[in-house]
Amino acid sequence: MAAEDDKSRLDDAARAGWLYFIAGHTQDEIAKMLQVSRASAQRLVSLCLAERLITFRLEHPIAACMELAARLKQRFDLVHCEVVPADPAAPQAVAGIAERCANLLDSTLRSETPVIVALGTGRAVRAAVERVTPIERPNHQIVSLVGNISADGSASFYDTVGRLADRTGARHYPMPLPFLMSSEDERNRMVRIEPIAKVKAVAARADLRLVGIGQMDQKAQVHVDGFVTRDELFEMMRLGAIGEITGWAYDAKGRLLKAGTNKRLTSIPPEVPAKTTTIGAALGAAKVAAIAAALSGGLINGLITDEATARAILER
């Protein structure tokens, strides 16, 4: 009988805790709902905390950020959107969005059910992976969306797949190809070889894609990091390229270009429109046009960015 009374009291504590912390009711309101005194309602809320029936992680984005995220989500029909406060002292710093991306990866990787996470490259994605909480998940799979070898044969510093595998014990599938091949025919031959075809098959089953978004201007990351030459970059800009995701260049309407480096690119192309949960992680004034185009074209269906970037996208 005592055990039943304890269970009933914990049930009441859980209800009171939910009503107070989640639904936002006052203790007076909870007392009326549960038909107990205000003092009893207060004790039930305290019991909920004492018994750890409800736990907290610091999740307090500024109200303006929440409003911006809601507007972006509605305008572009997104499955996921987070906006973090901007840092006026370091407007290009990726720490804020990296933390939210890491939180997304954490929640995905905590699943006991096997999941497949597909990753692009870039500073934000790399920073996010470094913040992922180590956890043993050998049944998960991590797969690269991008060929990570530059023209001089060196590997990208911003490769993320191996690092995330180290932190999770998951099987991982790098894309062991040059970012660009010398011709379209060579690209077509290489992506059909069996090991690469297997990587592509794993990526096609991904539960989550996390990608960076790059602008296509003289400071484009694909050029700065040595994956395309100055002439190749300028050719894509002349063709109307405004942004790139995993190296795939697209125009101001979010349409993938059918010329230039896209014909020699080994990266796995984006879904158009995105069906898999595909989160773009990017910020900064230089990337606003590229992010907006990716959203408009359906190349991504989720976004993690900062407040200044979100406002600029919505004002376009």
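You'll find the structure just up there.
Since the model is a prediction, treat every value here as computed from it, not as a measurement.

Q: Can you help me understand the overall build of the protein in this one?
A: Counting secondary structure elements, the protein contains 13 helices and 10 strands. Dimensions of the protein, computed from the C-alpha atoms along their principal axes, are close to 75 × 45 × 35 Å. Buried residues in the protein amount to 47% of all 316 residues. For the protein, restricting intrachain contacts to residue pairs at least 6 apart in sequence, the fraction spanning at least 24 positions comes to 72%. By element, 53% of the accessible surface of the protein is carried by carbon and sulfur atoms, the whole surface being about 15,900 Å².

Q: Even after reading the chapter, I still don't get the sheet that holds strand E1 (residues 80–84), so can you show me in this structure?
A: Backbone hydrogen bonds are what pair the strands of a sheet, in a parallel or an antiparallel way. A sheet is described by the order of its strands in space; here 7 strands give the open sequence E1-E10-E9-E5-E2-E3-E4, paired in parallel fashion. Each edge of the open sheet is held by one strand with a lone partner, namely E1 and strand E4 (171–178). Adjacent strand axes in the sheet meet at a mean angle of 15°, parallel and antiparallel pairs treated alike. Two elements, E1 and strand E10 (residues 302–306), share 5 bridges in a ladder whose sense is parallel. Each residue of the ladder has a partner; that of Cys81, found in E10, is Leu303.

Q: What is the right way to look at helix H4 (residues 63–76) in this model?
A: In an α-helix, one full turn covers 3.6 residues, which means residues spaced three or four apart are oriented alike. Taking 1.5 Å of rise per residue, the 14 residues of H4 would be expected to cover 20 Å, and the 20 Å separating its terminal C-alpha atoms lies within 8% of that figure. Looking at the buried positions of H4, the neighbouring elements they touch are E1, helix H12 (288–296), E10 and helix H13 (307–314). Phi turns positive, to about 55°, at Asp77, one or two residues after H4.

Q: Just checking my understanding: could you explain the pattern of salt bridges for this structure?
A: Side chains that differ in charge, positive against negative, can pair when their charged atoms come close. What the rule picks out here adds up to 13 salt bridges. Residue Arg264 is joined to Glu232 by a salt bridge in which the shortest nitrogen-to-oxygen separation is 2.8 Å. Within this pair, whereas Arg264 is found in the loop between strand E8 (248–250) and strand E9 (277–281), its partner Glu232 is found in helix H11 (residues 230–238), the two being separated by 32 residues in sequence. Exposure remark for Glu232: the relative accessible area of 16% places this residue in the buried category. Sharing partners across several salt bridges, the network here consists of Glu82, Glu99 and Arg100.

Q: Any chance you could explain helix H7 (residues 161–168) here in plain terms?
A: Among all positions of H7, only Val161, Leu164, Ala165, Arg167 and Thr168 are buried. Buried residues of H7 fall within an arc of 165° about the axis and therefore sit on the same side. In this structure, the buried side of H7 is in contact with helix H5 (95–109), strand E2 (116–119), helix H6 (123–130), strand E3 (141–149) and E4. Where H7 ends, the next residue or the one after it, Gly169, has phi of about 70°, a positive value.

Q: I tried to follow the packing of H5 against H6 on my own but got confused; where do I start?
A: The geometry of H5 relative to H6 is characterised by a closest axis approach of 8 Å and an angle of 60° between their N-to-C directions. For the element pair H5 / H6, the angle class is oblique. Crossing handedness for the pair H5 and H6: right-handed. Contacts from Ile97, Ala98, Cys101, Ala102 and Leu105 in H5 reach Ala124, Ala127, Ala128 and Val129 in H6. Tallied by class, the residues present in the contact of H5 with H6 amount to 9 nonpolar, no polar and no charged.

Q: What should I look at first to understand the packing of helix H2 (residues 27–34) against helix H3 (residues 38–50) in this one?
A: A pair of packed helices can be characterised by two numbers: the angle between their axes and the separation between those axes. Between H2 and H3, whose axes approach to 8 Å, the crossing angle comes to 100°. With respect to H3, the axis of H2 lies roughly perpendicular. In contact with Gln27, Asp28, Ile30, Ala31 and Leu34 of H2, H3 contributes Arg38, Ala41, Gln42, Leu44 and Val45.

Basis of the calculations
- Residues numbered from 1 in each chain as written.
- Predicted model: local features only at pLDDT ≥ 70, side-chain atom pairs only at ≥ 80, totals over all residues.
- Heavy atoms only, no water.
- Helix = DSSP H or I, 4+ residues; strand = E, 2+ residues; numbered from the N terminus.
- Buried < 20%, exposed > 50% of the residue type's maximum accessible area, 1.4 Å probe, protein only.
- Contact = heavy atoms within 4.5 Å.
- Areas by Shrake-Rupley, 256 points an atom, 1.4 Å probe, with all protein chains shown as cover.
- Pairing = 2+ DSSP bridges.
- Axes fitted to C-alpha atoms, helices over the stretch in contact; angles between N-to-C directions.
- Expected span 1.5 Å × (residues − 1).
- Salt bridge = Lys/Arg side-chain N within 4 Å of Asp/Glu carboxyl O.
- Arc of directions from axis to C-beta.
- Parallel < 35°, antiparallel > 145°, perpendicular 65-115°, else oblique.
- Left-handed = near helix turned anticlockwise from the far one by under 90°.
- Nonpolar A, V, L, I, M, F, W, Y, C, P; charged D, E, K, R; others polar.

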